[in-house]
Amino acid sequence: MITNAVEYERAEEELRNLERRLEDLQKSSPIGSKGFTKAGIHKMIARIHEELAVFEGSEEARRPQSS
């Protein structure tokens, strides 16, 4: 679960990495090949999207950031 802005940024980076990995797999592997790997990446992406959405709706996300 994401609890602060730093974790949010890390989750966004992880999401970008997973999306690149999935894109590479889709380019290098024909349809039907590596299906479990692709499905697992899709699930991880979905989980991160859910966590980002929960954090975006939280009080922590609405607080002004102090530097």
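Model, not experiment: these values are computed from the prediction. (Residues numbered from 1 in each chain as written. Predicted model: local features only at pLDDT ≥ 70, side-chain atom pairs only at ≥ 80, totals over all residues. Heavy atoms only, no water.)

### Considerations on the overall build of the protein chain
Logical step 1: Along the protein chain, the regular secondary structure elements total 3 helices and 0 strands.
Logical step 2: In terms of principal-axis extent, the alpha carbons of the protein chain reach across some 45 × 20 × 10 Å.
Logical step 3: The buried share of the protein chain, taken over its 67 residues, is 21%. (Helix = DSSP H or I, 4+ residues; strand = E, 2+ residues; numbered from the N terminus. Buried < 20%, exposed > 50% of the residue type's maximum accessible area, 1.4 Å probe, protein only.)

### A few points about helix H2 (residues 35-56)
Logical step 1: In this model H2 runs 31 Å from its N-terminal to its C-terminal C-alpha over 22 residues, within 8% of the 32 Å that 1.5 Å per residue would give.
Logical step 2: Those residues of H2 not exposed but buried are Lys-38, Ile-41, Ile-45, Ile-48, Leu-52 and Phe-55. Looking straight down H2, one finds that the buried residues subtend no more than 110° of arc, so they occupy a single side. Set apart from the buried face of H2 by more than 90 degrees, the exposed residues are Phe-36, Lys-43, Glu-50 and Val-54. (Expected span 1.5 Å × (residues − 1). Arc of directions from axis to C-beta.)

### Overview of the nonpolar core
Logical step 1: Among the nonpolar cores identified, the biggest contains 12 residues, and these are Ile-2, Tyr-8, Ala-11, Leu-15, Leu-18, Leu-22, Leu-25, Ile-41, Ile-45, Ile-48, Leu-52 and Phe-55.
Logical step 2: Listed by contribution, the elements that provide at least two residues to this core are helix H1 (5-28) and H2.
Logical step 3: It is H1 that contributes the most residues to this core, 6 residues altogether.
Logical step 4: Beyond its immediate sequence surroundings of up to four residues, Ile-45 is in contact with Leu-15, Leu-18, Glu-19 and Leu-22. (Core = buried A, V, L, I, M, F, W, Y, C linked by side-chain atoms within 4.5 Å. Contact = heavy atoms within 4.5 Å.)

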